[in-house]
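Close look at the chain arrangement
Spelled out from the first residue to the last, the chains are:
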Amino acid sequence: MITFPNAKINLGLHVIRKRDDGFHDIETVFYPIKMHDSLEIMPAAEHSLKLYGPVLPRGENLVTKAYRLLYEKYDIPPIDVHLLKHIPTGSGLGGGSSDAAFTLLMLNEMFELGISTSGLKKHAALLGSDCTFFIENKPAIASGRGEILDCIELDLSGYRIELSHPGIHVSTPEAYAMVRPVDHRPSLREIIHQPIAEWKENLLNDFEEPVFKKYPAIRAAKEELYAQGAIYAAMSGSGSSVFGLFPK
């Protein structure tokens, strides 16, 4: 079985407060985009994972963690996994989270586990804060750590989305260590429904200021998108990719 885990972009990102558990409460809008990895899973005599691509993830892969999660609960057979990476690691596009979520979806189907959508979301939340989004893969306002989702009507198909990745890996813990939470301000729920021409001034990513200060090349990539005619441009997540919305 083969599938194509897609990336996402963040439309605005508010870091609201630091929690007692060490995580942060955030508010953001997740939007799925067409850039994708390729994931193939087959039954096997023993579990294996083979990675391909120009820039491969570091450490234990989330695909393996997703497999182990279901193996421990449902005692599923070993699998052979081939993962071709196109979504850059540490880019704020959710590639690893998408791979993990799509693994849960595929294993649920392959082995007829009968896990409900809500059950898959609970499993995904154990793997990463934004893994839950990729289970339904629809535009959504995310809160909490990013795992609490409220689907919204948002269609950007009338625009061309261009990505720029400056080849910099931004560590998520590093980004959170630099950001300053702000509790009281207009909600993204209101801002996202404004005309897109107004997003430049109002739809903000709190990570941009500290990340741009440390990595000027990321700021330059965003400024270049505006120079090329983007209606709206922003950094996705905690970086380092930036994206621009252009008229088709």
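Residues numbered from 1 in each chain as written. Predicted model: local features only at pLDDT ≥ 70, side-chain atom pairs only at ≥ 80, totals over all residues. Heavy atoms only, no water.

Spatial strand order, β2-β3-β7-β8: four strands in an open sheet with antiparallel pairing. Strands with a single pairing partner mark the edges of an open sheet, and in this sheet they are β2 (6-18) and β8 (148-151). When the angles between neighbouring strand axes are averaged without regard to direction, this sheet yields 20 degrees. (Pairing = 2+ DSSP bridges. Helix = DSSP H or I, 4+ residues; strand = E, 2+ residues; numbered from the N terminus. Axes fitted to C-alpha atoms, helices over the stretch in contact; angles between N-to-C directions.)

Further remarks concern the pairing of strand β4 (residues 38-43). Sheet topology places strand β1 (residues 2-3) next to β4; two bridges connect them, and they run antiparallel. Looking at β4, one finds that Ile 2 is bridged to Glu 40. Bridge count for β4 against strand β6 (residues 79-84) is six bridges, and the pairing is antiparallel. The partner of Pro 43 across the bridge, within β6, is Ile 79.

Moving on: the environment of Ile 33. Along the chain, Ile 33 falls in strand β3 (residues 24-36). Accessibility expressed as a relative area gives 10% for Ile 33, which makes it buried. Taking the C-alpha atoms as reference points, Ile 33 and Ile 161, 128 residues apart in sequence, are found 8.2 Å from one another. Look past the residues within four positions of Ile 33 in its chain and what remains in contact with it is Asn 6, Ala 7, Lys 8, Ile 9, Ile 161 and Leu 163. (Buried < 20%, exposed > 50% of the residue type's maximum accessible area, 1.4 Å probe, protein only. Contact = heavy atoms within 4.5 Å.)

On to the sheet that holds β1, then. In spatial order, the strands read β1-β4-β6-β5; together these four strands make up an open sheet with mixed pairing. At either margin of the open sheet sits one strand with a lone partner, and together these are β1 and β5 (48-52). Bridge count for β5 against β6 is five bridges, and the pairing is parallel. Within β6, the residue paired with Leu 51 across the bridge is Leu 83.

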